Amino acid sequence: EHLVADLLLLARLDEGRPMEMRQVDLVSLCAEAVQTSTTVGPAWPVTFTAPRPIEVAGDATSLRQVIDNLLGNVRSHTPAGTTTRVSVAPDGTGAVVVVADDGPGMTPEQVAHVFERFYRSDPSRSRLHGGAGLGLSIVSAIVAAHGGIVAAASSIGHGTTFTVRLPAVPP
């Protein structure tokens, strides 16, 4: 059921179907996602910082899914007690969202493939526990549909950082 919904979403994004672009308060959207994440997974504390409200043109539901997927990834792939820092800041005319955890981190090989469809950094994880391996490919596709870019940086023992850059006005 989730897998089918994820595949349909990716198919729509692949087709380049236009999204409903409206002014979105990225700070309150991220704050809500952080609140939900700490409710769903209280063993994975999340801190949130933003200097001021920042608006971008985008599809609020899709952008919320980006943040939810990044935070869900932390709960799926790091041990309880892992702390995540989420920040939103202005970036030129747009915005940058950073989701950084202090978990076990990934190898360069894992980082290189992390946005690929069906990629699982730990092949021993079943679909039941690890999902279908579509969460980060969805993040990448949604960000691209907004004219933005997402990048991952990680090293073993030093956690993982995802950086999402969104333009003020999408393509």
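Residues numbered from 1 in each chain as written. Predicted model: local features only at pLDDT ≥ 70, side-chain atom pairs only at ≥ 80, totals over all residues. Heavy atoms only, no water.

S.K.: Would you mind showing me how to read the nonpolar core here?
M.R.: Generally speaking, soluble globular proteins have nonpolar side chains that are buried together. Counting 33 residues, the largest nonpolar core has L26, V66, I67, L70, L71, V97 and V164 as the members making the most contacts within it. At the level of secondary structure, the elements contributing two or more residues to this core comprise α2 (26–40), α3 (60–77), β4 (84–91), β5 (94–101), α6 (135–145) and β7 (160–166). Here this core gets six residues from one element, more than from any other, and that element is α2. Other than its neighbours up to four places away in sequence, I67 contacts L29, C30, A33 and V97. (Core = buried A, V, L, I, M, F, W, Y, C linked by side-chain atoms within 4.5 Å. Buried < 20%, exposed > 50% of the residue type's maximum accessible area, 1.4 Å probe, protein only. Helix = DSSP H or I, 4+ residues; strand = E, 2+ residues; numbered from the N terminus. Contact = heavy atoms within 4.5 Å.)

S.K.: Explanation requested: the pairing of β7 in the structure shown.
M.R.: Along any regular strand the residues' side chains alternate between the sheet's two faces. Counting buried positions over the seven residues of β7 gives five, a clear majority of the element. Relative to β7, β5 is paired through seven bridges, and the arrangement is antiparallel. Within β7, the residue paired with V97 across the bridge is V164. Pairing geometry for strand β6 (residues 149–154) and β7, over six bridges, is antiparallel. Directly across from A153, in β7, lies its bridge partner T161. (Pairing = 2+ DSSP bridges.)

S.K.: Please explain the pattern of salt bridges as it appears in this structure.
M.R.: A complete count under the given rule lists three salt bridges for this structure. Taking the shortest distance from any N to any O, the salt bridge between R64 and E32 comes out at 3.9 Å. Placement of the pair is R64 in helix α3 and E32 in helix α2, with a sequence separation of 32 residues. Relative accessible area serves as the criterion here: at 45%, E32 is assigned to the partly exposed category. Two residues, D68 and R64, come together in a salt bridge whose shortest N-O distance is 2.8 Å. Residue D68 and its partner R64 are both found in helix α3; the two are separated by four residues, about one turn of the helix. Connected through shared salt-bridge partners, E32, R64 and D68 make up one network. (Salt bridge = Lys/Arg side-chain N within 4 Å of Asp/Glu carboxyl O.)

S.K.: Looking at this structure, how should I read the sheet that holds strand β2 (residues 46–49)?
M.R.: Two orientations exist for strands paired in a sheet by backbone hydrogen bonds: parallel and antiparallel. Overall, mixed pairing links the five strands, which are arranged β2-β4-β5-β7-β6 in an open sheet. Only two strands of the sheet have a single neighbouring strand rather than two, namely β2 and β6. Within this sheet the neighbouring strands show an average axis-to-axis angle of 15°, counted without direction. One ladder, built from four bridges, connects β2 with β4; its direction is parallel. Its bridge partner being in β4, T47 is matched across the sheet by R85. The strands that α3 touches are β2, β4, β5 and β7; relative to β7, the one it contacts most, it runs at about 175°. (Axes fitted to C-alpha atoms, helices over the stretch in contact; angles between N-to-C directions.)

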